[in-house]
Amino acid sequence: MEQRECQTWRERRKWIIYMMVLVTLWTRASGQVRYSIAEEVKEGTVVGNIAKDLGLDKSTLKERGYRIVYSSTEPPFRVNQDDGILYVNRKIDREEVCDRSKVCVIDLKTVLENPLEVHYVAVEILDINDHAPSFPESTKMLEIFESALPGARFQLQAARDADSGSLSVQQYKLSHNEHFRLEVKDRGEDRKTPSLVLQKTLDRETIKTHVLLLTATDGGKPPKSGNMTITVDVSDVNDNPPVFTQDSYHVDLKENSPFGTTVIYVNATDMDEGSNGEIVYSFGNDVDTRVHKRFDLNPVTGVITVAGAIDFEESGRYEIDIQASDKGAATLTTDKTVIINIVDVNDNAPEIEVTSFSRALPEDSKPGTTVALISVKDSDSGLNGKVMCHIGQGLPFLLTPSLQNNMYSLVTKSLLDREQQSQYNVTIVAKDAGEPSLSSDKTIKIVVSDVNDNNPEFSQNPYTFYITENNKPGAPILSVTARDDDEGSNALISYLILRERGRENLVSSFLNINSDNGDILALKSFDFETLKTFQFHVVASDSGTPSLSSNVTVHVFILDQNDNTPVILYPLSSNGSAEGVEEIPRNVNAGHLVTKVRAYDADIGYNGWLLFSLQEVTDHSLFGLDRYTGQIRTLRSFTETDEAEHKLVILVKDNGNVSLSATATVIVKLVEPKEAFAASDVKSSAKADEENNVTFYLMITLGSVSALFLISIIVLVAMQCSKSTDYTSKYLQDTNYDGTLCHSIQYRSGDKRYMLVGPRMSIGSTIVPGSHANTLVLPDRRRTSEQVRLFNS
């Protein structure tokens, strides 16, 4: 029994202790401290000593892990665990935290661990005047009719201030204006609504626009303010009638004035705007139909024009009532009378009638050909009906009166030429004898028709063209054009090449011409080395009946291209390749002529100017090559250590824009003097014999070339003087050629011997246009009586 009582007592004591701990913890958790700071204070500002105010031991703060429990964002405050002081952790904007609440409090929950203690801290954020009032719109447009009565109210949008209480908007102020005043309605909770009140009637015709300035001010010290510009546009009402600019309108109008003639211009103004100020003009209700038939009134401009026949004999005076009305909803109208006095004149002008007229007149019509028959009449009588007619001066026409009264004939006075003038506008003037005199005129258009009286004319005569060789067959190479001053089929030109007999026809047979446009096509490719110049004739014929034609001579000069590769003449092996073997003694001195590479190029000028160079040599110190003559000479004496055989590869190239080249190989073998002696004797004797004969033939050739050269110069000068087109000078490509040969190379091919001349320009290009470039054909020395001739390729 006692044990049960002791156990019951222990259990009760445990509950009592547990309840005391809960009460203690609740008391500590429910403790709260309240602070207040101003918004926008700097980071690190002291809020309060939270440890002291909560009665906490500063020495245990760090051990027990005193901290602030906040949301996931950075807390606005922090606690120094060393001294227990609460600091501002970041700048606080009251309007951002609490918007427009009157009291802004931030509740913080702080926690001590081991054992757990919870404390609540409240920090009140005090407002400062950091915002100025602002309107939703910087400008406000209001439209008020001028008929609005005083006392009319127009509510405006209120200004807003992010601050609260006395720091928000406290009052409004309106700039001075005698037509408006400001009323402000207090709606509580810092809400004040301004309204614009009309206190004086508006007049748009006096002031169209009113500009007001509304200012909102808060209760700060110093106060801050914001402005809004109010623009009031006064809308119009129809309160002004139209007013004519003149008190009376009088005008004189000649009878028989043409339709559309302006009689008078009436004008009225209205001070209103828009449709209220737009004026419409109309005849009065009392205007009879006789006036409506003779006059028109423009409803917009107020211009009265003639709409019918005005005859003084019918009525000499018109009084017309005119109304000016605006377009307002309630139309306002003003009346005015216009008086029109009709002035009597000679009111019947002569009338001209073309009773017969030929529209197209051939240009070969003879003088006196009738073009048109003209009749005139005048409804007046006496002198007012007496009519005289005439036409302008300087025309190839004549106006002759006929036997019948007031009848005339228009005839040609001279020959016509359509190419000078294709049409004429002949104005016939008829004038009566009235006072004042009346006249009328009528213009006749006379078209001159074409006859085929003009031959086609070429744009040049003769034509000179320069074309390069190796042209593409079938492609146009040149073009001729002709014109014909006639028109239609008489000016339709067709072209053809005149095929003549003889050598020139051989070249023209390879030409074709487009009969429509004159483009000339070559059916073959020309070769300068074969043909240097040719000419042919082109005929242009029109399509008239009978057809007329003309012809022109076309001179064509072929221009050289670098299209021939240099040909190696020596050395040549038995199989035709450019390769040879030369044997020389070892004991020759420096400057010894080993051999001479001979080559030629079928082109002329720089295209045929050949240069020699060593492309490959076994020993550069042994041999030298003359770049112009192709001579290979020793540069020094041979030694025992020099090899017995040397290979020299010589590059021969021309001087064209795109250079062409060929190579020759010379094998030089060094032999003992005794071995070379017998071979040299045989070569020297044959060479001496050949050189003597060649010298004789060369002298004959040079004499012939000089004579032909002089003849060519004389012929070219004569052609230059007789023709305006300077094609001869263009054909001679190198004007610096002095007529002398720089060097020559002879070679044999079959039973013919050839001589190569150069390097600057071939004689063949000057002597005979059809010669084979710079190659002369020499007679065989076995035929000493044969004359030197030029070889035609």
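Cut-offs and rules
- Residues numbered from 1 in each chain as written.
- Predicted model: local features only at pLDDT ≥ 70, side-chain atom pairs only at ≥ 80, totals over all residues.
- Heavy atoms only, no water.
- Helix = DSSP H or I, 4+ residues; strand = E, 2+ residues; numbered from the N terminus.
- Buried < 20%, exposed > 50% of the residue type's maximum accessible area, 1.4 Å probe, protein only.
- Contact = heavy atoms within 4.5 Å.
- Areas by Shrake-Rupley, 256 points an atom, 1.4 Å probe, with all protein chains shown as cover.
- Salt bridge = Lys/Arg side-chain N within 4 Å of Asp/Glu carboxyl O.
- pLDDT = per-residue confidence, 0-100.
- Pairing = 2+ DSSP bridges.
- Axes fitted to C-alpha atoms, helices over the stretch in contact; angles between N-to-C directions.
- Patch = residues over 30% accessible without salt bridge, like charges linked within 9 Å, V, L, I, M, F, W, Y side chains within 5 Å.
- Lys, Arg positive; Asp, Glu negative; His and termini not counted.
- Charge placed at Lys NZ, Arg CZ, Asp CG, Glu CD.
- Phe/Tyr/Trp six-rings, centres within 6.5 Å; stacked < 30°, edge-to-face > 60°.
- Lys NZ or Arg CZ within 6 Å of the ring centre and 35° of its normal.
- Core = buried A, V, L, I, M, F, W, Y, C linked by side-chain atoms within 4.5 Å.

### Some details on the overall build of the protein
Looking only at helices and strands, the protein has eight helices and 52 strands in total. Counting every position in the protein, which comprises 793 residues, the buried fraction comes to 41%. Taking the intrachain contacts of the protein between residues at least 6 apart in sequence as the baseline, contacts between residues at least 24 apart amount to 65%. For the protein, the exposed surface amounts to about 44100 Å²; the carbon and sulfur share of it is 51%.

### Some details on the pattern of salt bridges
By the definition in use, this model includes 19 salt bridges. Measuring nitrogen to oxygen at the nearest pair gives 3.1 Å for the salt bridge that ties Glu205 to Arg204. Exposure class is identical for Glu205 and Arg204. Each is buried. A single network of salt bridges, built from pairs that share partners, joins Arg204, Glu205, Lys208 and Glu273.

### Overview of the confidence of the model for the protein
The predicted model of the protein has a mean per-residue pLDDT of 79, with 81% of residues at 70 or higher. Confidence, expressed as mean pLDDT per element, reaches its minimum in the protein at helix H8 (residues 764–767) with 30 and its maximum at strand S21 (residues 303–306) with 94. Confidence drops under pLDDT 50 across residues 1–9; counting only partners more than four residues distant or on other chains, this segment forms zero contacts. When the criterion is pLDDT under 50, residues 682–688 qualifies, and its contacts beyond four places in sequence or with other chains add up to one contact.

### Looking at the sheet that holds strand S37 (residues 511–513)
In space, the three strands of this open sheet follow the order S34-S38-S37, with antiparallel pairing throughout. The open sheet has two edge strands with one neighbour each: strand S34 (476–479) and S37. Averaged over all adjacent pairs, the angle separating strand axes in this sheet is 30°, with direction ignored. The pairing of S37 with strand S38 (residues 519–522) spans three bridges and is antiparallel. Bridge pairing links Asn512 to Leu521 in S38.

### As for the environment of Ser613
Position of Ser613 among the secondary structure elements: in strand S45 (residues 611–617). If we ignore the near neighbours within four places in the chain, the residues touching Ser613 are Leu625, Val649, Ile650 and Leu651.

### Considerations on the sheet that holds strand S17 (residues 262–265)
The antiparallel open sheet is built from three strands, whose spatial order is S17-S21-S20. In this open sheet, the two edge strands, each paired with only one partner strand, are S17 and strand S20 (295–297). Taken over all neighbouring pairs, the strand axes of this sheet differ in orientation by 20° on average, direction set aside. By the bridge criterion, three bridges tie S17 to S21 in an arrangement that is antiparallel. Bridging across to S21, Thr262 finds its partner in Thr305.

### Notes on a positive patch on the surface
Among the surface-exposed residues, Arg160, Lys185, Arg187 and Arg191 lie close enough to one another that they form a single positively charged patch. By the secondary structure assignment, Arg160 is in the loop between strand S9 (153–155) and strand S10 (169–174).

### Looking at the packing of aromatic side chains
As enumerated under the stated definition, the model contains twelve aromatic pairs in all. When the ring of Phe135 is compared with that of Tyr172, the centres are 6.2 Å apart and the planes differ by 50°; the resulting orientation is tilted. Of this pair, Phe135 sits in the loop between strand S7 (117–126) and strand S8 (139–145) while Tyr172 sits in strand S10, and the two are 37 residues apart along the sequence. You'll find Phe135 and Tyr172 in the same group, each marked buried. Here the aromatic cluster, defined as three or more aromatic residues joined through ring pairs, consists of Phe458, Tyr463 and Phe465. One Lys or Arg, Lys524, reaches over the ring of Phe510 and ends 4.8 Å from the middle of that ring. Across from the ring centre of Tyr570, 5.8 Å away, lies the NZ or CZ of Arg598, which sits over that ring.

### Digging into the pairing of strand S12 (residues 191–198)
Buried residues dominate S12, accounting for seven of its eight residues. In this sheet, S12 lies alongside S9 in antiparallel orientation, the contact comprising three bridges. By the bridge assignment for S12, Arg153 is matched with Val197.

### As for the pairing of strand S22 (residues 317–326)
On a regular strand, each side chain points to the face opposite its neighbour's, so the side chains alternate between the two faces of the sheet. Summarising burial for S22: seven of the ten residues are buried, a large majority. Taken together, the five bridges between strand S19 (residues 279–283) and S22 define a ladder with antiparallel strand orientation. For Val280, the partnering residue across the bridge sits in S22 and is Ser325. In this antiparallel pair of consecutive strands, S22 and strand S23 (residues 333–343), the connection spans six residues.

### Some words on the nonpolar core
Grouped together as the largest cluster of nonpolar side chains are 28 residues, with contacts concentrated most on Val480, Phe526, Phe536, Val538 and Val554. For this core, the secondary-structure elements that each account for two or more residues are strand S33 (463–468), S34, strand S36 (493–498), S37, S38, strand S39 (533–542) and strand S40 (549–559). Ignoring anything within four residues of it in the chain, the contact list for Phe536 reads Leu478, Ile497, Ser508, Leu511, Ile520, Val552, Thr553, Val554 and Val556. Counting residues in each nonpolar core, the second largest holds 25 residues, with Phe283, Val287, Val306 and Ile322 among its members.

### A short note on unusual backbone geometry
Note the cis peptide between Lys221 and Pro222, where omega equals 0°. One can find Pro222 in the loop between strand S13 (209–218) and strand S14 (225–235). Of note, the bond from Thr545 into Pro546 is cis; its omega dihedral lies within 30 degrees of zero at 0°. Counting through the fold element by element, Pro546 comes out in the loop between S39 and S40. The backbone phi angle of Asn406 is positive, close to 60°, even though this residue is not glycine. In this fold, Asn406 is placed in the loop between strand S28 (397–401) and strand S29 (407–412). For Asn406, a relative accessible area of 23% puts it in the partly exposed group. The phi dihedral of Asn470 is positive, around 65°, even though this residue is not glycine.

### Structural notes on the environment of His179
Residue placement: His179 occurs in the loop between S10 and strand S11 (180–188). Classification of His179 by relative accessible area gives buried; the value is 8%. When the C-alpha atoms of His179 and Thr201 are compared, they prove to be 7.0 Å apart, with 22 residues separating the residues in sequence. Contacts of His179, omitting those with residues within four sequence positions, involve Val197, Leu198, Gln199, Lys200, Thr201, Leu202 and His210.

### Description of the environment of Leu614
Within the fold, Leu614 resides in strand S45. On the accessibility criterion, Leu614 (28% relative accessible area) is partly exposed. Separated by ten residues in sequence, Leu614 and Gly624 have C-alpha atoms that sit 8.2 Å apart. With sequence-adjacent residues up to four places away left out, Leu614 is seen in contact with Phe623, Leu625, Leu648, Val649 and Ile650.

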